[in-house]
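Next come the chains, spelled out residue by residue.
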Amino acid sequence: MKVAKVYEKNVLKFDEVEKPAIKNDTDVLVKPKFVGICGSDSHIYHGENPMAKLPRILGHEVVGVVEDKGKAVTKLAIGDHVVIEPIRYCGQCYPCRHGQPNVCENLLVFGVTEDGAMREYFTIGEKQVLKIDKNLPWEEAILIEPFTIGAQATMRGDVGVGDNVLIIGAGPIGIASLKLAKIKGAQVMITDIVDDKLEFAKKQGADIIVNSKKTDLIEAVKEWTKGEFANKVIDAACSLFTFELCLKVVSKGGTIVCLGFSTEFAKISPVSITGRQITLIGSRLQAHQFANVIRLMEAGTLRGNGLVTHKFPFTDLQKALDFIDARPEQVRKALLEF
Ligand SMILES: NC(=O)c1ccc[n+]([C@@H]2O[C@H](COP(=O)([O-])OP(=O)(O)OC[C@H]3O[C@@H](n4cnc5c(N)ncnc54)[C@H](O)[C@@H]3O)[C@@H](O)[C@H]2O)c1
Ligand SMILES: [Zn+2]
Ligand SMILES: [Zn+2]
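Residues numbered from 1 in each chain as written. Chains lettered and ligands numbered in written order. Predicted model: local features only at pLDDT ≥ 70, side-chain atom pairs only at ≥ 80, totals over all residues. Heavy atoms only, no water.

(A) Structural detail: the coordination of the zinc ion (ligand 2). Coordination of the zinc ion (ligand 2) by the protein involves Cys-38 (SG), His-60 (NE2) and Glu-61 (OE), with metal-donor separations of 2.1 to 2.4 Å. Positions of the donor residues of the zinc ion (ligand 2), expressed as sequence spacing, correspond to C-x21-H-E. Taken together, the positions of Cys-38 in the loop between strand 3 (27-37) and helix 1 (39-45) and His-60 in the loop between helix 1 and strand 4 (61-69) put the pair 22 residues apart, joining distant regions of the chain. Judged by relative accessible area, Cys-38 falls into the buried class, the value being 17%. (Donors = N, O, S within 2.8 Å, 3.2 Å for Na, K, Ca; no water. Helix = DSSP H or I, 4+ residues; strand = E, 2+ residues; numbered from the N terminus. Buried < 20%, exposed > 50% of the residue type's maximum accessible area, 1.4 Å probe, protein only.)

The following block contains the structure:
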């Protein structure tokens, strides 16, 4: 079978290896159907992700079919449609004991810190394999993982009814946060610097869109909230500029949700946080969000509605990565089809 592996920075190769066999009784053999290509996959491919060591098989957004299973696997049957929860954790450390296994001391992330789904078959522990309804279209189901990021960001920000939420960035993570914020009952303004992304966000339920290249965002937020500013700000653009911007658009007593992985330093004064009692909070991956998102998708409440724009055969992964690099404004979510 074929395996796609990033060997070193910008070097991707396809290898021919033996199909894996079930080793542990709790293992499941999965045949991927679709694997989503995420910004972080591109970052790992370009050697820009400090958390991923190379060589690495990428792929953490994955749906597929159960091909085989170990003797102790009870909740899944051969032929089941499944989605993979990428995080593996110890259950013993402080964050695990306090409901945050997504930042476990011994965290392993499928496709990032351990080999992922960009191969024709893989085995994985039953705990990370979640059954989905066979009626849920694959192209929708593949969005479950990115939607869990939005579910986590809005949970961390305690987004709810009556909140004015500003989302910075209308890429897949901004759109995921938008959809979950709307389901949770908030009013949402979303900003980007690309009109097409904003038009799409509008169709996905954004109450107000603002292109910050053309309109003064701080003024727009002030006007929209009648001088109160945004109660919750979710930074899904994740530049130093937008990180600092959050403090200029958040309301008194408001919350900023930071999703960025930059190792550079921003300039933030203590008083800008203390003076208005701002909550500045990190949101990494997700914890306990898969079950909720699967339910929302199965119920039809949460849908991609055109978030997937491109599909490539698995063996065209190189082409797909190059295309995403060349035309980022055209690609919302690209998939590999197996
Ligand atoms: N914390 C987490 O768990 C987590 C998970 C996934 C992704 N991320 C991070 O979230 C970020 C977004 O991911 P994505 O896949 O949506 O990326 P993306 O690149 O597709 O989207 C980013 C969007 O931000 C817009 N943007 C850039 N500068 C802007 C500005 N000054 N004002 C407004 N918008 C601006 C871009 O035009 C783009 O539409 C990435 O930095 C990624 O690393 C974090
Ligand atoms: Zn992803
Ligand atoms: Zn742990």
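So, next bit.
(B) Geometry of unusual backbone geometry. Between Leu-54 and the following residue, Pro-55, the backbone shows a cis peptide bond with an omega angle of 0 degrees. Tracing the sequence through the fold places Pro-55 in the loop between helix 1 and strand 4. In this structure, Asn-305 is a non-glycine residue whose phi angle is positive, near 45 degrees. Among the secondary structure elements, Asn-305 is positioned in the loop between helix 10 (290-299) and strand 16 (308-313).

(C) Spotlight on the nonpolar core. Ranked by internal contacts, the top residues of the largest apolar core, which has 45 residues, are Ile-37, Ile-84, Met-118, Phe-122, Leu-317 and Leu-336. Sequence-distant contacts of Leu-317, defined by excluding residues within four places in its chain, comprise Ala-4, Leu-12, Phe-14, Ile-37, Met-118 and Leu-336. With 43 residues, the next largest nonpolar core counts Ile-142, Ala-153, Val-159 and Leu-307 among its residues. (Core = buried A, V, L, I, M, F, W, Y, C linked by side-chain atoms within 4.5 Å. Contact = heavy atoms within 4.5 Å.)

(D) Representation of the coordination of the zinc ion (ligand 3). For the zinc ion (ligand 3), the full set of protein donor atoms is Cys-90 (SG), Cys-93 (SG), Cys-96 (SG) and Cys-104 (SG), at a range of 2.3 to 2.4 Å. Relative to the metal, the 4 donor atoms surrounding the zinc ion (ligand 3) lie at angles of 101 to 122 degrees, and the coordination shape comes out tetrahedral. When the donor residues of the zinc ion (ligand 3) are listed from N- to C-terminus, their spacing reads C-x2-C-x2-C-x7-C. On the criterion of sequence distance, the pair formed by Cys-93 in the loop between strand 6 (87-88) and helix 2 (94-97) and Cys-104 in the loop between helix 2 and strand 7 (108-109) is long-range, its members being 11 residues apart. (Tetrahedral: all angles 85-135°; square planar, octahedral: opposite > 155°, others 65-115°.)

(E) Focus on the sheet that holds strand 12 (residues 208-211). Strand order in the open sheet formed by 6 strands is 12-11-10-13-14-15, with parallel pairing between adjacent strands. If you trace the sheet from one side to the other, it starts and ends with strand 12 and strand 15 (279-282), each paired once. Each strand of the sheet is rotated relative to its neighbour by a mean of 20 degrees, with strand direction disregarded. Looking at chain direction, strand 11 (residues 187-192) and strand 12 are connected through 4 bridges and run parallel. Bridging from a neighbouring strand, Ile-190 pairs with Ile-209 of strand 12. (Pairing = 2+ DSSP bridges. Axes fitted to C-alpha atoms, helices over the stretch in contact; angles between N-to-C directions.)

(F) Looking closely at the domain arrangement of the chain. According to the domain assignment, the chain contains domain 1 (2-143 + 307-337) and domain 2 (150-282). The straight-line distance from the C-alpha centre of domain 1 to that of domain 2 is 29 Å. Taken residue by residue, the interface counts 8 residues in domain 1 and 7 residues in domain 2. A buried area of about 720 Å², summed over both sides, lies between domain 1 and domain 2, and 65% of it is on carbon and sulfur atoms. Scanning the region where domain 1 abuts domain 2 turns up 0 residue pairs in polar contact (both at pLDDT 80 or more). (Domains from an automatic or database assignment. Buried area = accessible area lost by both parts, 1.4 Å probe. Polar contact = N/O pair within 3.5 Å; in protein donor to acceptor, adjacent residues only side chain to side chain.)

(G) Structural view of the pattern of salt bridges. By the definition in use, this model includes 11 salt bridges. Across the pair Glu-139 and Lys-311 runs a salt bridge whose closest N-O atoms are separated by 2.5 Å. Separated by 172 residues along the polypeptide, Glu-139 in helix 3 (residues 138-141) and Lys-311 in strand 16 bring together distant segments of the chain. Lys-311 gets classed as partly exposed once you look at its relative accessible area, which sits at 42%. (Salt bridge = Lys/Arg side-chain N within 4 Å of Asp/Glu carboxyl O.)

(H) Inspection of the packing of helix 4 (residues 144-156) against helix 5 (residues 172-183) at higher detail. It is the contact of helix 4 with helix 5, at a shortest axis distance of 8 Å, that shows an interaxial angle of 60 degrees. Viewed along their axes, helix 4 and helix 5 adopt a mutual orientation that is oblique. Crossing geometry of helix 4 relative to helix 5 is assigned as right-handed. Residue-level inspection shows Pro-146, Phe-147, Ile-149, Gly-150, Ala-151, Ala-153 and Thr-154 of helix 4 in contact with helix 5, the latter providing Ile-173, Ala-176, Ser-177, Lys-179, Leu-180 and Ala-181. Looking at the contact of helix 4 with helix 5 residue by residue, the class counts come to 9 nonpolar, 3 polar and 1 charged. (Parallel < 35°, antiparallel > 145°, perpendicular 65-115°, else oblique. Left-handed = near helix turned anticlockwise from the far one by under 90°. Nonpolar A, V, L, I, M, F, W, Y, C, P; charged D, E, K, R; others polar.)

(I) Representation of the environment of Phe-265 in the model. By secondary structure assignment, the location of Phe-265 is in the loop between strand 14 (250-258) and helix 9 (270-274). A residue is classified by how much of its surface remains accessible, and Phe-265, at 78% relative accessible area, is exposed.

(J) Examining the side chain of Asn-211 more closely. Within the secondary structure, Asn-211 sits in strand 12. Within the local environment of Asn-211, its side chain forms a polar contact with the backbone nitrogen of Lys-213, the two atoms lying 2.8 Å apart. Once residues lying within four places of it in the same chain are set aside, the contact partners of Asn-211 are Asp-192, Ile-193, Val-194, Asp-195 and Leu-198.

(K) Helix 5, seen in detail. Here helix 5 spans 17 Å end to end across 12 residues, near enough to the 16 Å set by a 1.5 Å rise per residue. Summarising the contacts, the buried residues of helix 5 are in contact with helix 4, strand 10 (164-168), strand 11, helix 6 (195-203), strand 13 (230-235) and helix 10. (Expected span 1.5 Å × (residues − 1).)

(L) The arrangement of the site of ligand 1 in detail. Around ligand 1 sit 22 residues in total, of which Ile-173, Asp-192, Leu-259, Ser-283 and Leu-285 are the nearest. Residue Asp-192 places a side-chain N or O atom 2.6 Å away from an oxygen atom belonging to ligand 1. At 2.7 Å from an oxygen atom of ligand 1 is found a main-chain nitrogen or oxygen belonging to Leu-285. Taking 860 Å² as the accessible area of ligand 1 by itself, protein coverage stands at 78%. Elements with a minimum of two residues in the shell around ligand 1: helix 5, strand 11 and helix 8 (240-249). When the residues that make up the shell around ligand 1 are grouped by side-chain class, the tally is 13 nonpolar, 6 polar and 3 charged. (Near = heavy atom within 4 Å. Areas by Shrake-Rupley, 256 points an atom, 1.4 Å probe, with all protein chains shown as cover.)

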